[in-house]
Amino acid sequence: MAPPVAAPAAPAASPDSPPSVTEDQLLLLELRFSGHTLSDAMSTYATDQGVYLPLGELSRILEMDIRIDGTRATGTIGAARAPLLLDIAALQLSVGGRTIPVTRNQALVAGGDIYLRQDLLQAVLPIRLELDTSSLAATLTPRERLPFQDSEERRARRAQLSENKGEGGTTADVLNISTPYRAFTAPSIDINADGGFGNSDTPRTTHYDLRAAGDLLWSNYQLYVGSNQNGKPTSVRATLERDDPDGHLLGPLHATRVAVGDIYTPALSIGPRSTFGRGFIISSDPVEQASVFDRIVLRGELPLGYEVELYVNDALRGSQATPVEGRYEFPDISLIRGLNVIRLIFYGPRGERREEVRQINVGSGVLSKGQTVINMGVAQEGRSLFTLEDRAGLSDINSGNGLRAVISVAHGFTPSLTLTAGAARYTTDQGDTSALGAVGLRTSFFGMATQLDAAVNNQGATGAALSLAGQVKGVAVVARHAEYRGGFSDEVLPSGNDELVRSTNVRADITIPIGANLRLPISTELERDQYTDGSTLYQASARSTVNLGGAYFSGGVEYSRRNQVNFADEHLVATLDASTTVRTWQLRAALNLDVVPTLRARTLTLTADRDVSEDLSYRIGIIRSFGSGAATSIQAAGTRHFPFGDVALNGEFRPEAMDYRLSLQFAVGLVYNPARSRYVLTRPGAASSGTVAFHAFVDTNGNGVLDPGEEPVPGIAVEGGSRTTPTGADGRALISNVAGVGRARLQVDLDALADPYLAAPPQTVQLVPGPGRVAAVEYPLRRSGEMQAHVMLLTAAGDKRGLSAAKIEVARPDGSVVMEARTEFDGSVFIERLPVGTYQLQMDAAQMNSLGLVADAPVPFTVSPKGGYVGEVTIMVRLRPKPVSDSSP
């Protein structure tokens, strides 16, 4: 064993101050070794005192003999089996008899594990770790050979012998399904139509949304057509794109997304924002990662009559009540460093409630050494590929309707330094054409992630911005200060225009524990903008969400004050939302208030939804607006849920004007089912999300495909999409509404599987679905067997006793090992999931040799095509006879 190394220098901190961490400081790192991944997400804590890594979790990954018991860790280290004793409470640490000093700020206990600061961990284990928290990675270098390396080699050899990764004794946690693009597939279609009548100025209305998506020219196409209230088509969108989260597009560019048609151009860190237009984009940005300094934009399809709420880390951050050209959009969404959980909750007009969850790992924007990220886009601003009418006045329209071209390149020169460069040509909100060049760097300064950007345009106007992000006393803080000269237009700012002189923005997120099980997340933002006319704009906001006894309460305040030479304009607005379930009713309430300059209510919304059965639901709602235009709207709806879609009868009455309106709404999805070679009706959302054609069957010959005579497996529940779907009598299930962005996972529930001897592939299925795409998932189950094995040691005295921790192998007749196991304290071991076939049970030769033992000949056995219990097998081992010396008389 290599001797423990001296602990490298760590951030300055009082050794008597134990670290205190919160879940907001949790950072998931990919653990890498020799070019491959040992763990996709190893939990660490990034604090002002350094990075803390889990001793127990890391030991299990490396297959090291270390046990965690509260604040103590015991075991052995390395090939020399040097004893380890670590007692956090007593600040004691010894490795191989050598005492290593420990201070209180070098270790902490969290989540049932002991976390050691990087310097102490490297002094305990014979490893070196290169941490790159900006790219969310940790690279492992052993100082001596570790047990996991031998296991990795064995697994690699077995993988070469097995056609299916889940076969035999190999254990794959995830079943990855390839979803290659096709030259053409039949489109998935969504139809959402509404027709009604009333006694208002528009007595009869007809409105519809049509969506279609599928594969074309080895890409994914998406088409949208929307009408006005008279049934006339007024909006058309068409996009052709390819997505690859692994970055295998366009060869050396390693692009993750390529799109043409109706797209959104990329933004720079300073200068041009992301805008809509017809053109193309190329991006190599990681799909599930982001920079803490970036404000992301969330966009997607929003069917007719739907509402959507956005929650970031359990705090309500936005809401959109009606679709705009069939879409929702949440711009300028800020995230905190670490893992961010984004929830989009969709509320349908017929009482539907659907939730999409995304996880984005946010770093500092620093790339790995040698990594390059490119983003580029060219578009005619504010113009759709197909224009049916004048689109002037829409929020995403630029008055210039000119060409916008943006390109940015970022390259990691060292693990802690990334340089960026960008250029753009675009039309400002004032109609001026601007050409711009920008440079920047990303690094770390006194433990804070740091970003510096500077830009100049063709009129000589300049802008520069400095951004910092990190943890300050448990609060996640992101701050940006920018200075502008010459009328520079910084569209990245929500209030950006060419009259700014400077702007300061500070975002802070904190989670406050209240009691044992209650956490209160609070998200705040402060901004100060100064303009060329001497006026100053102050803006502040705070939001929070809490769950009390199953009821969700969300609240937020937004404050703004504009100071001018002889005038000040001040506003304070508050929002309160609540939702809960009372018996069979789902209740929601929302109140908007003006607090300053006058305390008064704006709107009050009350809704109640009840599911009478799986096929029938009701909704009642009251909306009251206050002020000069005070009005009341009473709404009611009844919905019949069919397997192919929903039909709803809606009614609305406004008592002040004695207006009424009745409408009939129809929503349905159409998906081409490849198993039946025809279209089938399904739930709405088929064209805006993915569909999975799942097929479970008994694979008797082990070739992974359905052959004549092989039986389907009914009753397997597949969790994913909008609901849990069981396989039918033919073993097939069509799962709709599978998330259409990035990777998606399905969970296969085998609890209802009647045959205990059917071995299944991994129960987590991962794939990249894509809008409107139908992914075929073959799920072959195989007959398996199980057996009880005993390893008995025959002593010199003729006694027999069980041999514990003996390595036993299941091998094919040719000697290739397909499964390994270790005996328990009594020499027994239960071996499960043995595929159908002929095997032999044998002892590990290397272990037998090291222990000075010899074993009986391998014991053959067979798992029949029906599977089941094979029986008990006993292998006798004995001491190797000592050689007899040859002596002559």
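Scoring rules and cut-offs
Residues numbered from 1 in each chain as written. Predicted model: local features only at pLDDT ≥ 70, side-chain atom pairs only at ≥ 80, totals over all residues. Heavy atoms only, no water. pLDDT = per-residue confidence, 0-100. Contact = heavy atoms within 4.5 Å. Pairing = 2+ DSSP bridges. Helix = DSSP H or I, 4+ residues; strand = E, 2+ residues; numbered from the N terminus. Axes fitted to C-alpha atoms, helices over the stretch in contact; angles between N-to-C directions. Patch = residues over 30% accessible without salt bridge, like charges linked within 9 Å, V, L, I, M, F, W, Y side chains within 5 Å. Areas by Shrake-Rupley, 256 points an atom, 1.4 Å probe, with all protein chains shown as cover. Salt bridge = Lys/Arg side-chain N within 4 Å of Asp/Glu carboxyl O. Phe/Tyr/Trp six-rings, centres within 6.5 Å; stacked < 30°, edge-to-face > 60°. Buried < 20%, exposed > 50% of the residue type's maximum accessible area, 1.4 Å probe, protein only. Lys NZ or Arg CZ within 6 Å of the ring centre and 35° of its normal. Polar contact = N/O pair within 3.5 Å; in protein donor to acceptor, adjacent residues only side chain to side chain. Core = buried A, V, L, I, M, F, W, Y, C linked by side-chain atoms within 4.5 Å.

**Q** What exactly am I supposed to notice about the confidence of the model for the protein chain here?
**A** A low pLDDT means the predicted coordinates there should not be read in detail. Averaged over every residue, the pLDDT of the protein chain is 83; the share at 70 or more is 90%. Confidence drops under a pLDDT of 50 for residues 390-400, and excluding neighbours within four residues, the segment shows 22 contacts in the predicted structure.

**Q** Explain the sheet that holds strand β60 (residues 859-863) to me, please; I cannot follow it from the model alone.
**A** Strand-to-strand pairing in sheets goes through backbone hydrogen bonds, with the strands running parallel or antiparallel. In space, the four strands of this open sheet follow the order β56-β55-β58-β60, with antiparallel pairing throughout. Of all strands in the sheet, those bounded by a partner on one side alone are β56 (817-822) and β60. Each strand of the sheet is rotated relative to its neighbour by a mean of 25°, with strand direction disregarded. Two strands pair when backbone bridges link them, and strand β58 (residues 837-843) and β60 are joined in this way by five bridges, in the antiparallel orientation. Along β60, the bridge assignment pairs Tyr-839 with Phe-861.

**Q** Mind showing me how you'd approach a nonpolar patch on the surface here?
**A** On the surface, Phe-197, Leu-606, Ile-622, Ile-634, Phe-653, Met-658, Tyr-660 and Leu-662 cluster together into a nonpolar patch covering about 680 Å² of accessible area. For Tyr-660, the location among the structural elements is in strand β44 (residues 659-673).

**Q** Which parts of the structure should I look at to understand the packing of aromatic side chains?
**A** Two descriptors summarise a pair of aromatic rings, namely the distance from one centre to the other and the angle between the planes of the rings. Counting across every chain of the model gives eight aromatic pairs. Aromatic side chains Tyr-328 and Phe-330 sit 5.9 Å apart centroid to centroid with 45° between the ring planes, which places their arrangement in the tilted category. The two residues Tyr-328 and Phe-330 agree in class, both being buried. Taken together through their ring pairs, the aromatic side chains of Tyr-328, Phe-330 and Phe-346 make up a single cluster. Sitting above the plane of the Tyr-531 ring, Arg-562 keeps its charged end 4.4 Å from the centroid.

**Q** What exactly am I supposed to notice about the sheet that holds strand β7 (residues 92-95) here?
**A** Strand order in this open sheet of five strands is β4-β5-β6-β7-β8, and the pairing throughout is antiparallel. The open sheet has two free edges, formed respectively by β4 (66-69) and β8 (98-99), since each of these has just one partner strand. Relative to strand β5 (residues 72-77), β4 runs antiparallel, the two being bridged by four bridges. Note on β5: the bridge partner recorded for Ile-68 is Ala-73.

**Q** What is the right way to look at the side chain of Thr-545 in this model?
**A** Within the secondary structure, Thr-545 sits in strand β36 (residues 536-548). A distance of 3.1 Å separates the side chain of Thr-545 from the side chain of Ser-554, its partner in a polar contact.

**Q** When you look at the pairing of strand β25 (residues 338-347) in this model, what are you seeing that I'm missing?
**A** Walk down a regular strand and you will see the side chains alternate between the two sheet faces. Most of β25 sits out of view: eight of its 10 residues are buried. Strand direction decides the pairing type here: strand β22 (residues 307-312) and β25, joined by six bridges, are antiparallel. Bridging across to β25, Tyr-311 finds its partner in Arg-343.

**Q** Honestly, the pattern of salt bridges in this entry has me stumped. Any pointers?
**A** Once the charged atoms of two side chains with opposite charge are near each other, the side chains can pair. Here the structure, examined in full by the defined rule, presents 25 salt bridges. For the salt bridge of Arg-273 with Glu-491, the shortest nitrogen-to-oxygen distance reads 3.4 Å. Here Glu-491 lies in the loop between β33 (475-485) and β34 (500-514) and Arg-273 lies in the loop between β18 (257-264) and β19 (276-283), a separation of 218 residues in the sequence. Using a relative accessible area of 25% as the deciding quantity, one classes Arg-273 as partly exposed. Looking at Glu-491, the relative accessible area reads 5%, which means it is buried. A salt bridge links Glu-652 to Arg-654, with the shortest nitrogen-to-oxygen separation between them at 3.4 Å. What makes Glu-652 partly exposed here is its relative accessible area of 22%. A single network of salt bridges, built from pairs that share partners, joins Arg-273, Glu-381, Arg-404 and Glu-491.

**Q** Quick question: what am I supposed to make of the nonpolar core here?
**A** In a soluble, globular protein the nonpolar side chains are often hidden away together inside. Formed by 37 residues in total, the largest nonpolar core has its most connected members in Leu-58, Leu-62, Leu-93, Leu-116, Leu-125, Leu-129 and Leu-140. Broken down by element, this core gets its largest block of residues, four residues, from strand β1 (residues 26-33). Leu-175, Phe-694, Leu-758 and Tyr-779 belong to the second largest nonpolar core, which has 25 residues in total.

**Q** Could you clarify how one ought to interpret the side chain of Asp-509 in this entry?
**A** Its place among the elements puts Asp-509 in strand β34. Polar contacts involving the side chain of Asp-509 include one to the side chain of Ser-523, which spans 2.9 Å. In this structure, Asp-509 is in contact with Ile-336, Val-475, Ala-476, Ile-522 and Ser-523, ignoring residues within four places of it in sequence.

**Q** Looking at this model, I keep getting lost on the pairing of strand β27 (residues 372-381). Mind explaining?
**A** As paired elements, β19 and β27 share seven bridges and run antiparallel to each other. Of the residues in β27, the one forming a bridge with Ile-282 is Met-376. Strand direction decides the pairing type here: β27 and strand β28 (residues 403-414), joined by nine bridges, are antiparallel. The residue of β28 that forms the bridge with Val-378 is Ala-405.

**Q** Explain unusual backbone geometry here, please?
**A** For residues other than glycine, phi is negative in most cases, and the peptide bonds are mostly trans. Of note, the bond from Val-596 into Pro-597 is cis; its omega dihedral lies within 30 degrees of zero at 10°. Residue placement: Pro-597 occurs in the loop between β39 (585-596) and β40 (600-611). In this model, Leu-217 sits at a positive phi of 55°, which is unusual for a non-glycine residue. Its place among the elements puts Leu-217 in the loop between β15 (204-216) and β16 (219-227). Despite not being glycine, His-254 shows a phi value in the positive range, around 50°. Along the polypeptide, His-254 turns up in the loop between β17 (233-243) and β18. We classify His-254 as partly exposed; its relative accessible area is 48%.

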